[in-house]
Amino acid sequence: MAEQNNTHIALIGAPLEEGSGRRGAAMGPTALRIAGVDTTLAELGHTVTDEGDLHPLPARDLPNHAKANNLQVVAAFTRALDTAVYDAARSGKFPLVLGGDHALSMGSVSGMARHAADEGRPLFVLWLDAHADFNSPATSPSGNMHGMPVAFFCGEAEFAPILEPGRPFVDPKNVFQVGIRSVDAREREEIAEHGVNVYDMRAVDEIGMAHIMHDIIARIKAANGLLHVSLDVDFLDPEIAPGVGTTVPGGATFREAHLIMEMLCDSGLVSSLDVVELNPFLDDRGKSARILVELTASLFGRRILDRPTRSA
């Protein structure tokens, strides 16, 4: 858990860009390493093992799909990440996936869902993103699979045998989406129908990030759940973090994002993390990569002042 003095963190690189329909995100893991993600976490007292980057061969057993672009490549990463994340969590490590586009969460969250099932605990997902990513090939306007991971790990996008049948799914009611500000029309209907918890930027403005996070943390603690956090660069306002191919104005501030990570650290609930959609080609001299490393450091215990524990 992130609040402990020493967490064994397994860095897993996922240089996937084929889910996004745009080149560049494959350089994300390298940019995060150059920005010092490993040394920053080690300086906080954690044990860091860099497992290197995954380079799976395309899943040639799957046919091409007209509305799921680059299915064979995305499926291969999904399978590889499902295994790598599951194995890391089962061995007592904290899987930290360095992306790569958001399609990688099809594999990382599925691996954590298997681990949570082994533990007999529900898995919750905190989705920090401008987009809901609850499309499937049947609903996606573009066919780009980085818009499908939430539907996939919730069992609502079983359009191809990407993973083994009978795998554990995440209950959509256990998904909390914060910072949402770009949702397709059909996607909005799917989210409402399945009970996904959405805190869009209007909710953030009206009730505040602290209130939202207290509510989310309380619900996960009450259920004795494990928590997977998936952080998309476009959760942040593009003025702060420009290194992403899907910029949407009006995102979270630097301070709001830090608050989330600090509160998650205090909660001790987080068991795995994705950092996704970093496109160094679009960044401003490594600005976005450095911010992502700073946010990761806050999740793992970097703080300005020690604060007394809030009474229940």
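Residues numbered from 1 in each chain as written. Predicted model: local features only at pLDDT ≥ 70, side-chain atom pairs only at ≥ 80, totals over all residues. Heavy atoms only, no water.

> What is the right way to look at the overall build of the chain in this model?
Helices and strands together make up the secondary structure of the chain, namely 10 helices and 8 strands. Each of the three principal axes of the chain carries a C-alpha extent, and together these read 55 × 45 × 40 Å. Looking at the 312 residues of the chain, the share that counts as buried comes to 57%. Partitioning the contacts of the chain with sequence separation of at least 6, the portion at a separation of at least 24 is 74%. Accessible surface computed for the chain: about 12,800 Å², of which carbon and sulfur atoms make up 50%. (Helix = DSSP H or I, 4+ residues; strand = E, 2+ residues; numbered from the N terminus. Buried < 20%, exposed > 50% of the residue type's maximum accessible area, 1.4 Å probe, protein only. Contact = heavy atoms within 4.5 Å. Areas by Shrake-Rupley, 256 points an atom, 1.4 Å probe, with all protein chains shown as cover.)

> Help me understand the side chain of His46, please; the structure alone is not making it clear to me.
Considering the arrangement of structural elements, one finds His46 in the loop between helix 2 (37-43) and strand 2 (47-53). Using a relative accessible area of 6% as the deciding quantity, one classes His46 as buried. Among the polar contacts made by the side chain of His46, one reaches the main-chain carbonyl oxygen of Phe300 at a distance of 2.8 Å. (Polar contact = N/O pair within 3.5 Å; in protein donor to acceptor, adjacent residues only side chain to side chain.)

> Would you mind going over the pattern of salt bridges with me for this structure?
Opposite charge on two side chains permits pairing when their charged atoms draw close. Scanning the entire structure with this criterion turns up 14 salt bridges. For Glu262, the salt bridge identified is with Arg255, shortest N-O distance 2.6 Å. Among the residues examined, Glu262 registers a relative accessible area of 22% and is labelled partly exposed. The class of Arg255 is partly exposed, set by a relative accessible area of 47%. Through salt bridges that share partners, Arg33, Asp50 and Asp53 make up one connected network. (Salt bridge = Lys/Arg side-chain N within 4 Å of Asp/Glu carboxyl O.)

Function-wise, these values are silent; they only describe arrangement.
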